[in-house]
Amino acid sequence: MPSSGQSRNGAVQRNWVSLVPYGLNEQHPNAYRDIVETAWENRDNLGYAWRILNDGCCDGCALGTSGIHDWTMKGIHLCALRLKLLRLNTMPSMNWRLLEDVAALRKIPPRNLPKLGRLPVPMVRRKGAKGFARISWDEAIELAATGLKGTDPRRLGWFLTSRGLTNESYYAHQKVARFFGTNHVDTSARICHAPSTAALSATVGCAATTCSYSDWIGTDLLILVGSNIANNQPVSTKYLYYAKEKGTKVFVVNPYLEPGLERYWVPSVAKSALFGTRFADDFFPVQVGGDIPFFYGVLKHLIENDWVDRDFISSRTVGWNEIVAKSRSLAWEDLECGSGLTRSDMHRFAEAFGKARSAIIVWSMGITHHRYGSDNVRAIVNLQLAKGNVGREKTGLMPIRGHSGVQGGAEMGGMPSAYVMGSAVTEDNARRFAQPDYWGFEAPTWKGLTAAAMILAAGRGELDAIWQSGGNFIDTLPEPEKVRESVAKIPLRIHQDILVSSNMLVEPGDTVLLLPSRTRYEQRGGGTETSTERRVIYSPEIPGPRPGEAKDEWEIPVLVARRANPQQAAKSFSWQDTQDIRCEIERVCPTYKGIAGLRKKGDQFQYGGPRLLVDRFLTPDGKGHFSPIELPEERIPQGRFMLATRRGKQFNSLIHGKTDPLTGAQRDAIFMSREDAVRLGLRDGAAILLRNDQGEFHGHVKIDRIKPGCFQGHWPEVNVLVPSGCLDPSGVPDYNAIVEIIPVVQQGSPIASDTIS
């Protein structure tokens, strides 16, 4: 790691980066400029913008706020992501007549479509029509109700975005989906963290983080695996700052040394804003897909040196003998080859981890976005169980969430395998929910499809209708052209959203409906969000303008249900506002006991308390389960490279900056090591072509500190190279691809020679 900054008088300031104020000579985000740009962008509605920031619960990442404050730190909790999202809430309605001819809209870059403004009125497009026609809400509801009633429930999909949706909206949507008889219900959150849900549920019995953000501050060791929190949860760097102040060591396990994890200038902390803060104390550059062999190597060292908590293992876990036997059966040569690190590297990590009194492991999509993502998470759980780092202060397992709605979305039933948290899709639970004091109708009990599987089914002609509340499959799933073809085959598409997306403009299979929604801040009765640390937070309705004829997010599917079956829906959907929904959630989901009492800004509770699994695990036997998983097999042919997807200056598929302020990279940058560049005869900035059986991508070389043999390119641009249908058992796509690289001559055409190898 680089050496610490040093003052002129020789006094070492351990965590300083530079004496240059705010690192003006360094590459990093400029938070103060972001504030000025946001104020200018929202100049036509500044009062409303301020009320959203000051009174609303953040609709950015899942750290969670009330206004601009949280429950971990003193001072302001505000980041660039939230500032960039602000305009989506304050912009005026678009001219709906622009949708009357989609040919003109298709010429607009997909990321510029949201700038047209908010969707103001319901519209419909029939097959063969050049665009959408305005209709009344009554016509729209009738079309939707008739279409869904006439669809075989096993051929009906329901997808929910994480774009600022509240728990109440998730709950309403999934309940209406079950009302129409389908379990093909999924959320964008699970395209990210379904492997975490599956692995944690199987090993420790709960799918949520087991600790709190406050546990970061003062833990002996904080380990970030496959996660770039400086980009995706920027305020968390403030937690890191205070953790470093308390003496916490930070380890990073990742193929690329993210600059924001090495050093950062936290704008709301004076000392850090002036001198910067060094975060990473050690870096372990595993190769893409090398996490399981690396963690097995660490576990072997823990066992050999007896750096384990034997009392915890014997009293609170099962499967220890099996995991010991499995780890001992693995040859060091195989672990070194698979991880891309040496036995000595693994020992260095194991010694620090084994001797630490406490440790927290934080992970994100670098772990989950593999066809073996669930096993990656199980490997992490193995380490924490071996040390008893669960249920104690300053310890825990944290799958950090990237969007404000994701934790609650699944817990409210936005998944094919559960009606709500703790109520799996079973015949017994279906009968229970059919009782009058629950839902009053019997939900389906067959296994539903995940989001990626729905689109694969559509490609096979097996999906007749889909309701999408937000989301854009074309800009998020692998092989976008194949996705476009699949979407076009669906006879009935219902797009409920706040903005125009390229997904809406795909030719109709038969009928496409556009239904304009309100945001969480416009929702009658307010709404709630569940943060990464399981904190359920109330966000009040914010006084301000309302776009066109848009309706509350939760209300639209309920109106359709009432039209489709008035008599039954009158009993099952008697809600008048979100307060009624919260009362029902509290009744049917005991974990969320207290949600009905959240009524004003600042109201919140943390279900399960600061720490879960203190006395027992939530598995059927009350034990934590070790997992003797297999090593993944990544066979990369000679002359080919593993390409991983990364995020840069962006938030979901809506917000994309041209340049990542943390790396200085443009959207077409392909990150590669200097060793690979030299071997391939490429210079920094050289034009290249990446190619495989799925497609081609033109980019430019960015030489950086990344594991040799591994490339990274920005999601979703390089999705054209990522094969569809390669899924983790939980349903999440593998967002990695094997590619060949071809240099491009200055004129822009590839050199005629074979691939460089």
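Residues numbered from 1 in each chain as written. Predicted model: local features only at pLDDT ≥ 70, side-chain atom pairs only at ≥ 80, totals over all residues. Heavy atoms only, no water.

Thoughts on the overall build of the protein chain
Consideration 1: Broken down by element type, the protein chain carries 26 helices and 29 strands.
Consideration 2: A compact globule built from 757 residues would reach a C-alpha radius of gyration of about 27 Å, and the protein chain, at 25 Å, matches this within 12%.
Consideration 3: Over its C-alpha atoms, taken along the principal directions, the protein chain stretches across nearly 70 × 65 × 50 Å.
Consideration 4: A burial count over the protein chain gives 64% of its 757 residues as buried.
Consideration 5: Pairs at least 24 residues apart make up 76% of the contacts formed inside the protein chain by residues separated by at least 6 positions.
Consideration 6: About 26,900 Å² of surface is accessible on the protein chain, with carbon and sulfur atoms providing 51% of the total. (Helix = DSSP H or I, 4+ residues; strand = E, 2+ residues; numbered from the N terminus. Rg over C-alpha atoms; globule rule 2.2 N^0.38 Å. Buried < 20%, exposed > 50% of the residue type's maximum accessible area, 1.4 Å probe, protein only. Contact = heavy atoms within 4.5 Å. Areas by Shrake-Rupley, 256 points an atom, 1.4 Å probe, with all protein chains shown as cover.)

Examining the layout of surface pockets
Space left empty within the atom packing is revealed by a probe, the size of a water molecule, rolled over the atoms.
Consideration 1: Space inside the second largest pocket adds up to approximately 1,100 Å³.
Consideration 2: Taken together, 43 residues make up the lining of the second largest pocket; nearest its centre are Thr-197, Ser-201, Ala-207, Met-415 and Ala-418.
Consideration 3: Going through the elements one at a time, α7 (190-203), α19 (406-411), β13 (418-420) and β14 (423-424) are the ones with two or more residues in the lining of the second largest pocket.
Consideration 4: The dominant element in the lining of the second largest pocket, judged by the number of residues it contributes, is α7, at six residues.
Consideration 5: Residues belonging to the lining of the second largest pocket are distributed by class as follows: 24 nonpolar, 14 polar and five charged. (1 Å grid on protein atoms, 1.4 Å probe; cavity = no way out; pocket = protein on both sides within 12 Å on 5 of 7 lines; lining within 4 Å. Points joined across faces, edges and corners; volume = space filled by probe spheres on them. Nonpolar A, V, L, I, M, F, W, Y, C, P; charged D, E, K, R; others polar.)

Overview of the nonpolar core
Consideration 1: Counting residues in hydrophobic clusters, the biggest one holds 58 residues, and the most contacted among them are Leu-148, Trp-158, Tyr-171, Phe-180 and Phe-573.
Consideration 2: Among all residues touching Trp-158, those that are not within four sequence positions of it are Leu-148, His-173, Val-176, Ala-177, Phe-180, His-184, Val-185, Asp-186, Met-454, Ile-466, Trp-467 and Pro-557.
Consideration 3: Among the nonpolar cores identified, the runner-up in size contains 54 residues, and Leu-200, Cys-206, Leu-221 and Ile-223 belong to it. (Core = buried A, V, L, I, M, F, W, Y, C linked by side-chain atoms within 4.5 Å.)

Observations regarding the packing of helix α21 (residues 451-459) against helix α22 (residues 480-488)
Consideration 1: Relative to each other, α21 and α22 sit at 70°, their axes nearing to 7 Å. Accordingly, the angle class assigned to the pair α21 and α22 is roughly perpendicular. For the crossing formed where α21 meets α22, the hand is left-handed. Across the interface between the two elements, Ile-455, Ala-458 and Gly-459 of α21 pack against Val-483, Ser-486 and Val-487 of α22. (Axes fitted to C-alpha atoms, helices over the stretch in contact; angles between N-to-C directions. Parallel < 35°, antiparallel > 145°, perpendicular 65-115°, else oblique. Left-handed = near helix turned anticlockwise from the far one by under 90°.)

Details of the packing of aromatic side chains
Consideration 1: Counted according to the given criterion, the structure contains 33 aromatic pairs.
Consideration 2: Taking the centre distance of 4.7 Å and the plane angle of 55° together, the rings of Phe-159 and Phe-473 count as tilted. Residue Phe-159 is found in strand β3 (residues 156-160), and its partner Phe-473 is found in the loop between β15 (465-469) and α22; the two are separated by 314 residues along the sequence. Comparing Phe-159 with Phe-473, the two get one shared label, buried. (Phe/Tyr/Trp six-rings, centres within 6.5 Å; stacked < 30°, edge-to-face > 60°.)

Here we look at helix α18 (residues 373-387)
Consideration 1: For α18, with 15 residues, the first-to-last C-alpha span of 22 Å sits near the 21 Å given by 1.5 Å per residue.
Consideration 2: Within α18, 14 of the 15 residues are buried, which leaves it mostly tucked inside the rest of the structure.
Consideration 3: Gly-388 occupies a position one or two residues after α18 and carries a positive phi of about 65°. (Expected span 1.5 Å × (residues − 1).)

Concerning the packing of helix α6 (residues 167-179) against helix α25 (residues 578-588)
Consideration 1: Following both chains from N to C, one finds α6 and α25 inclined at 75°, their axes separated by 10 Å at the closest point. Considering their axes alone, α6 and α25 lie roughly perpendicular with respect to each other. The residues of α25 that touch α6, namely those facing Asn-167, Glu-168, Tyr-171 and Lys-175, are Thr-578, Ile-581, Arg-582, Glu-584, Ile-585 and Val-588.
Consideration 2: Counted by class, the contact of α6 with α25 contains four nonpolar, two polar and four charged residues.

Quick word on the sheet that holds strand β6 (residues 249-253)
Consideration 1: If you trace the five strands from one edge of the open sheet to the other, you get β9-β6-β5-β11-β12, paired in parallel fashion. Edge positions in the sheet fall to β9 (282-284) and β12 (396-399), since each of these pairs with one other strand and no more. In this sheet, neighbouring strand axes are inclined to one another by 15° on average, regardless of whether the strands run parallel or antiparallel.
Consideration 2: Inspection of the sheet shows β6 paired to β9 by three bridges, in the parallel sense. Counterpart to Val-252 in the pairing with β9 is Phe-283.
Consideration 3: α18 rests against β11 (359-363) and β12 of the sheet, and its axis sits at about 175° to β11. (Pairing = 2+ DSSP bridges.)

Such coordinate-based values are descriptive only and should not be taken to indicate function.
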